[in-house]
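Notes for the structure review
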Amino acid sequence: MGLLDGKVAIVTGAGRGIGRGEALELAREGARVVVNELDPEAGETVVREIVAAGGEATLDTGDCSEEDTARHLVETALSTYGGLDALVNNAGILRDRTVAKMTPQEWDAVIKVHLRGHFLPTHFACAHWKESGTGGRIVCTASSSGLLGNFGQANYGAAKAGIAAFSTIVAMEMARYGVRCNAIAPAARTRMTEGAYGSISDMSPDGDESFDFWHPDNVAPLVAYLCSDAAGSISGKVFGIQGDAVELYQPYTSVAVIQNHDTRWTPAGIAARAHELFDASGIDPEAENMMAKLRFSITDRSAV
Ligand SMILES: NC(=O)c1ccc[n+]([C@@H]2O[C@H](COP(=O)([O-])OP(=O)(O)OC[C@H]3O[C@@H](n4cnc5c(N)ncnc54)[C@H](O)[C@@H]3O)[C@@H](O)[C@H]2O)c1
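Report on the accompanying structure.

Definitions and cut-offs
- Residues numbered from 1 in each chain as written.
- Predicted model: local features only at pLDDT ≥ 70, side-chain atom pairs only at ≥ 80, totals over all residues.
- Heavy atoms only, no water.
- Near = heavy atom within 4 Å.
- Polar contact = N/O pair within 3.5 Å; in protein donor to acceptor, adjacent residues only side chain to side chain.
- Helix = DSSP H or I, 4+ residues; strand = E, 2+ residues; numbered from the N terminus.
- Nonpolar A, V, L, I, M, F, W, Y, C, P; charged D, E, K, R; others polar.
- Expected span 1.5 Å × (residues − 1).
- Buried < 20%, exposed > 50% of the residue type's maximum accessible area, 1.4 Å probe, protein only.
- Arc of directions from axis to C-beta.
- Contact = heavy atoms within 4.5 Å.

Right, let's get into the site of the ligand. Near the ligand lie 29 residues; those nearest to it are Glu-37, Asn-90, Tyr-156, Ala-188 and Thr-190. In the model, a nitrogen atom of the ligand is placed 3.3 Å from a nitrogen or oxygen of the Leu-38 main chain. Ala-188 places a polar main-chain atom, nitrogen or oxygen, 2.8 Å from an oxygen atom of the ligand. Looking at the shell around the ligand, the elements with two or more residues in it are α1 (17-28), β2 (32-37), α4 (104-132), α6 (154-174) and α7 (191-197). When residues in the shell around the ligand are grouped by element, the largest group, three residues, is from α7. Residue composition of the shell around the ligand, by class: 13 nonpolar, 11 polar and five charged.

Glancing now at helix α2 (residues 40-52). Taking 1.5 Å of rise per residue, the 13 residues of α2 would be expected to cover 18 Å, and the 18 Å separating its terminal C-alpha atoms lies within 8% of that figure. Among the residues making up α2, those that are buried are Ala-42, Gly-43, Val-46, Val-47 and Ile-50. When α2 is viewed along its axis, its buried side chains cluster within an angular range of 140° and face the same direction. Pointing more than 90 degrees away from the buried face of α2 are the exposed residues Glu-41, Arg-48 and Ala-52. On its buried face, α2 sits against α1, β2 and β3 (56-61). The N-capping residue of α2, defined by a side-chain oxygen 3.0 Å from the backbone nitrogen of Glu-41, is Asp-39.

Below, the structure is given as structure tokens:
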């Protein structure tokens with residue numbers, strides 16, 4: 001008995017890294033999986049792996065940020081397996097550069113794959129669920145780069161923060177149709193992170209060699225859980241996941257307020273009292289490297 005017996009799931013960008021692990025795990029838990037991947041060879045390999053392990057999967061190649069591909073993913077789930085229960089939006093790319101050097105092409109490419117690549121499959125899946133009334137699960141892929149901000153990733157971080165907001169809004173809008181939508185902020189050793197940060201250790205941060213803390217497959221069990229009925233009461237949340245650690249993020253929250261006695265502020269009036277916000281909250285007014293405060297970090301941005 002698996003947590004996803006009888007379910008049908010789509011995973012975008014499932015040919016490598018975290019998405020590959022997610023597709024394999026969903027299949028191990030009993031789901032039939034539509035494997036989306038830009039690179040047909042990588043996608044085909046994952047489908048073969050799932051089938052060899054006794055699971056069911058079908059390949060649907062293409063760019064998930066294109067309308068036809070996204071529509072086709074949902075159609076494939078319905079025509080091949082007769083339904084759709086879960087969508088895992090995972091596909092992503094990096095084009096790291098500090099903002100003064102970043103080209104419009106680098107900005108657009110990242111925003112498109114991540115934001116359109118989340119919006120379009122979600123749009124077609126939600127349209128189906130709204131009509132069918134069957135309910136569903138969506139897992140979006142944010143990043144600590146967006147939630148906290150990461151040097152050299154203005155495009156990627158903006159997209160990932162957008163994905164966290166997108167996920168929360170989809171959760172609200174689709175609640176009445178039995179759809180739950182959550183986001184994860186993973187961290188793992190993949191082609192993407194080794195390309196950005198260099199070689200990443202295969203032991204746990206405390207030096208334990210028996211557990212490969214940064215292995216990408218460590219992300220998948222949380223995703224399988226969020227796709228299951230067992231997580232039916234959870235929606236609109238953002239989870240951190242790396243190694244053996246599952247974390248819960250708090251959304252942007254106001255932590256201090258100053259008011260001006262029912263009168264519009266003047267700039268000088270704010271200038272005189274802005275320090276109260278920082279005094280009350282203990283927040284540093286200067287730009288901060290919040291990523292440096294992560295419990296677990298694979299990032300080293302010195303090379304950007
Ligand atoms: N690895 C990490 O530490 C980390 C951290 C935070 C967020 N993420 C996010 O996790 C997701 C997976 O990243 P990864 O590290 O496994 O990267 P990866 O490069 O190993 O795998 C991404 C896969 O997505 C595919 N892909 C890219 N664009 C696509 C598109 N438009 N349509 C379909 N497939 C496409 C790629 O071909 C590749 O196979 C991404 O959204 C990434 O931003 C990863």
